[in-house]
Amino acid sequence: MLDTQRLRVFRSVVASGTVAAAADNLGYTPSAVSQHITALARETGLNLFERVGRGLRPTAAGLALADQADGVLARLGEAEAAVADLRAGRTGTVSVGYFASAGAAWLPHVVSRLTREFPHVRLDLSLLEWIPDDPAQRPDVQVAVARPGWAPRAGFTTHHLLDDPYVAVVPRTHRLAGAAEVELADLAGEQWVDNDAARGACREVLLEACTAAGFAPTFHVEAADYPTAIAFVAAGIGLTVLPVLGTRGLPPELCTVRVVRPTPVRTIMAVVRDAAAHTPPVIAALETLEGVSATCA
């Protein structure tokens, strides 16, 4: 295999015309340049130069090698530039996973920053209501709700973003409208609207709190997501209990009431792949998530 540094020196001698000129252009000593040329001739088994007065003229074999060297060095330069871009986060792909309410509230800020600062980085966004058990299926950054006792496993690091308490969403004509708070047990006899068809960690947090309050809610109707559940409440079908982050854009005819004794709280975190944590786009994504989540605290 040819030594690329020797090819660089050889190409400089061809372009410069003499060993001394090439040494001056490269910042080498003439002796070092001569050693590179001699070693390259030995590697290739070719006579690369012939002397003309005080200068050097490439042989036919030398000209042919110089032509090939141009292509090799150009491709090597492209590869080096690509590596520099990847290291600086200017190119490549970053995968980001999120659950629905965090996606609506936070992901626009993340995507806006990444597309502005890293326009050539491809963003692979995916809606994930759970953390995949297989680490290979996890994105570089995932905004997720932590289940009690969950650990990220080797190769991933968690960053706490927000503790998101639950509230009751009721019509302004409801008996609880205007109340500062309501005990969870006081909602036992209400018509409940379910809001999590995925039966994920967010629903588990709510059901565990209801169990602690001594009852299991009876769902009058099941909705697949928070916006649909809120629409059902607006239609007078019942009330729903969901995290504060999910109440963004609440219709004016509805209001929220703080739930206490106990207060269900979901813990939102960012799970970051360690192998990507040092890259500028992932650093920017995490900084943005920490910033926007802090405004919700």
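**Points about the overall build of the protein chain**
Phase 1 of the analysis: For the protein chain, the count of helices and strands is 8 helices and 12 strands.
Phase 2 of the analysis: The globule rule puts the C-alpha radius of gyration for 297 residues at 19 Å, and the 32 Å found for the protein chain is more than 25% above it.
Phase 3 of the analysis: Across its three principal axes, the protein chain shows a C-alpha extent of roughly 105 × 35 × 25 Å.
Phase 4 of the analysis: Counting all 297 residues of the protein chain, 41% fall into the buried class.
Phase 5 of the analysis: Long-range contacts, defined here as pairs at least 24 residues apart, represent 75% of the contacts in the protein chain between residues at least 6 apart.
Phase 6 of the analysis: Split by element, the accessible area of the protein chain, about 15100 Å² in all, is 54% carbon and sulfur.

**Quick look at the packing of helix H2 (residues 19-26) against helix H3 (residues 30-44)**
Phase 1 of the analysis: At a minimum axis distance of 8 Å, the contact between H2 and H3 shows a crossing angle of 110 degrees. Here H2 is positioned roughly perpendicular relative to H3, judged by the angle of their axes. Contacts from Val19, Ala22 and Ala23 of H2 reach H3 at Pro30, Val33 and Ser34.
Phase 2 of the analysis: In terms of residue class, the contact of H2 with H3 is built from 5 nonpolar, 1 polar and no charged.

**What to know about the side chain of Arg273**
Phase 1 of the analysis: By the secondary structure assignment, Arg273 is in strand S12 (residues 265-273).
Phase 2 of the analysis: Within the structure, Arg273 has its side chain in polar contact with the backbone oxygen of Arg138 (distance 2.4 Å).
Phase 3 of the analysis: Residues contacting Arg273, with those up to four places away along its chain left out, are Pro135, Ala136, Arg138, Pro139, Asp140, Gly155 and Phe156.

**Describing the packing of helix H1 (residues 4-16) against H3**
Phase 1 of the analysis: Their axes nearest at 9 Å, the elements H1 and H3 cross at an angle of 110 degrees. Classed by the angle they form, the pair H1 and H3 counts as roughly perpendicular. In this structure, H1 meets H3 at a crossing whose hand is left-handed. Here Gln5, Arg6, Leu7, Val9, Phe10 and Val13 of H1 lie close against H3, whose contacting residues are Val33, His36, Ile37, Ala39, Leu40 and Glu43.
Phase 2 of the analysis: Its residues placed into classes, the contact of H1 with H3 shows 8 nonpolar, 2 polar and 2 charged.

**Focus on the environment of Asp194**
Phase 1 of the analysis: Looking at the secondary structure, you find Asp194 in strand S8 (residues 192-194).
Phase 2 of the analysis: Spatially, the C-alpha atoms of Asp194 and Leu206 are 11 Å apart, while their sequence positions differ by 12 residues.
Phase 3 of the analysis: Here Asp194 is in contact with Arg199, Arg203, Phe219, Val221, Glu222, Ala223 and Ala229, once residues within four sequence places are set aside.
Phase 4 of the analysis: Side-chain polar atoms of Asp194 contact the side chain of Arg203, separated by 3.1 Å.

**Overview of the pairing of strand S2 (residues 55-58)**
Phase 1 of the analysis: As paired elements, strand S1 (residues 49-52) and S2 share 4 bridges and run antiparallel to each other. Across the sheet, the residue bridging to Glu50 is Arg57, located in S2.
Phase 2 of the analysis: Counting the residues that bridge the hairpin from S1 to S2 gives 2 residues, and of these Gly53 lies at a positive phi of roughly 65 degrees.

**Observations concerning the environment of Ser31**
Phase 1 of the analysis: Inspection of the secondary structure puts Ser31 in helix H3.
Phase 2 of the analysis: A sequence separation of 17 residues divides Ser31 from Val14, and the C-alpha atoms of the two residues are 16 Å apart.

**Digging into H2**
The periodicity of an α-helix, 3.6 residues per turn, causes residues three or four positions apart to be oriented the same way.
Phase 1 of the analysis: Along H2, the residues that are buried comprise Val19, Ala22 and Ala23. One side of H2 holds all its buried residues, which, seen down the axis, span an arc of 100 degrees. Structural note: H2 exposes Asp24 and Asn25 on the side pointing more than 90 degrees away from its buried face.
Phase 2 of the analysis: The elements touched by buried residues of H2 are H1, H3 and S2.
Phase 3 of the analysis: One or two residues past the end of H2 sits Gly27, with phi positive at roughly 80 degrees.

**With respect to the pattern of salt bridges**
Phase 1 of the analysis: In total, this model carries 12 salt bridges according to the counting rule given.
Phase 2 of the analysis: The partner of Glu183 in a salt bridge is Arg261, and the shortest N-O contact between them spans 3.0 Å. Linking Glu183 in strand S7 (residues 181-183) with Arg261 in the loop between strand S11 (254-260) and S12, this pair joins segments that are 78 residues apart in sequence.
Phase 3 of the analysis: Overall, Arg261 belongs to the exposed group, its relative accessible area being 51%.

**Side note on the nonpolar core**
Phase 1 of the analysis: Counting residues in each nonpolar core, the largest one holds 56 residues, and the members touching the most others are Trp106, Leu187, Trp192, Val241 and Ile268.
Phase 2 of the analysis: Those residues in contact with Trp192 that sit more than four places away from it in its chain are Leu184, Leu187, Leu206, Cys210, Phe215, Pro217, Thr218, Phe219, His220, Val221, Leu239 and Val241.
Phase 3 of the analysis: Among the nonpolar cores identified, the runner-up in size contains 18 residues, and Val9, Val13, Ala69 and Leu73 belong to it.

**So, unusual backbone geometry**
Phase 1 of the analysis: A cis amide bond links Arg261 with the next residue in sequence, Pro262, at an omega value of -5 degrees.
Phase 2 of the analysis: Relative to the helices and strands, Pro262 is located in the loop between S11 and S12.

Reading the values: the criteria
- Residues numbered from 1 in each chain as written.
- Predicted model: local features only at pLDDT ≥ 70, side-chain atom pairs only at ≥ 80, totals over all residues.
- Heavy atoms only, no water.
- Helix = DSSP H or I, 4+ residues; strand = E, 2+ residues; numbered from the N terminus.
- Rg over C-alpha atoms; globule rule 2.2 N^0.38 Å.
- Buried < 20%, exposed > 50% of the residue type's maximum accessible area, 1.4 Å probe, protein only.
- Contact = heavy atoms within 4.5 Å.
- Areas by Shrake-Rupley, 256 points an atom, 1.4 Å probe, with all protein chains shown as cover.
- Axes fitted to C-alpha atoms, helices over the stretch in contact; angles between N-to-C directions.
- Parallel < 35°, antiparallel > 145°, perpendicular 65-115°, else oblique.
- Nonpolar A, V, L, I, M, F, W, Y, C, P; charged D, E, K, R; others polar.
- Polar contact = N/O pair within 3.5 Å; in protein donor to acceptor, adjacent residues only side chain to side chain.
- Left-handed = near helix turned anticlockwise from the far one by under 90°.
- Pairing = 2+ DSSP bridges.
- Arc of directions from axis to C-beta.
- Salt bridge = Lys/Arg side-chain N within 4 Å of Asp/Glu carboxyl O.
- Core = buried A, V, L, I, M, F, W, Y, C linked by side-chain atoms within 4.5 Å.

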